[in-house]
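Single-letter residue listing:
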Amino acid sequence: MKYVLLVSHGTMAQGVKSVLEMLAGGGREDILATSLRNGMGADAFAGQVAECIRNITREDEILLFADLIGGSPLTTAANVIAQAGLMDRTTMVGGMNFPLVLSAVLQKDFTDSAGLVAAVLPEAREAMQEFRIQTQDMEDDI
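What counts, and at which threshold
- Residues numbered from 1 in each chain as written.
- Predicted model: local features only at pLDDT ≥ 70, side-chain atom pairs only at ≥ 80, totals over all residues.
- Heavy atoms only, no water.
- Helix = DSSP H or I, 4+ residues; strand = E, 2+ residues; numbered from the N terminus.
- Buried < 20%, exposed > 50% of the residue type's maximum accessible area, 1.4 Å probe, protein only.
- Pairing = 2+ DSSP bridges.
- Axes fitted to C-alpha atoms, helices over the stretch in contact; angles between N-to-C directions.
- Contact = heavy atoms within 4.5 Å.

Colleague: Outline the overall build of the protein, supporting the account with residue identities and numerical values.
Modeller: Along the backbone of the protein there are six helices and four strands. Counted from the first residue to the last, the protein has its helices and strands arranged as β-α-β-α-β-α-β-α-α-α. Counting only C-alpha atoms and orienting by the principal axes, one finds that the protein spans roughly 70 × 40 × 30 Å. By residue count, 39% of the 142 residues in the protein fall in the buried class.

Following this line, the structure appears as structure tokens:
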């Protein structure tokens, strides 16, 4: 199975997971999430990551998405995954946003992980755009 593991500062990872369950189906065992909360130590967070991945085996793969490249959630999760002997089964992406993760979840079972990342990163970049609504001047309304 390909697992999607979401890690973040605050509650972003759980929020993304919640919306994924609305749009991609609830009760999915392949979507995991944990967050480094304010005041939480690295050891406690590492324990949470270890608990998330405890059922993942060498036959599985992990797509790890983190809020920031180089942030504590990503580096700690990478260390826990390496200690579990699963780093060679893991693809990591930093700078997660919802369109990126949704595309990955919907496509992950149809392509290899490297191809998946190559496909979803441009989609995620395109999804980030300024949204503008054209309004008429007040004088036009009089």
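Structure's up, so let's keep going.
Colleague: Could you give an account of the sheet that holds strand 2 (residues 31-36), naming the residues involved and the relevant values?
Modeller: Across the sheet, four strands lie side by side as 2-1-3-4; this open sheet has parallel pairing. With partners counted over all chains shown, the strands left at the sheet margins are strand 2 and strand 4 (90-94), one partner each. This sheet shows a mean twist of 15 degrees between the axes of neighbouring strands, independent of strand direction. Of the strands in this sheet, strand 1 (2-9), strand 2, strand 3 (61-66) and strand 4 touch helix 3 (residues 72-83), which is tilted by about 140 degrees from strand 1.

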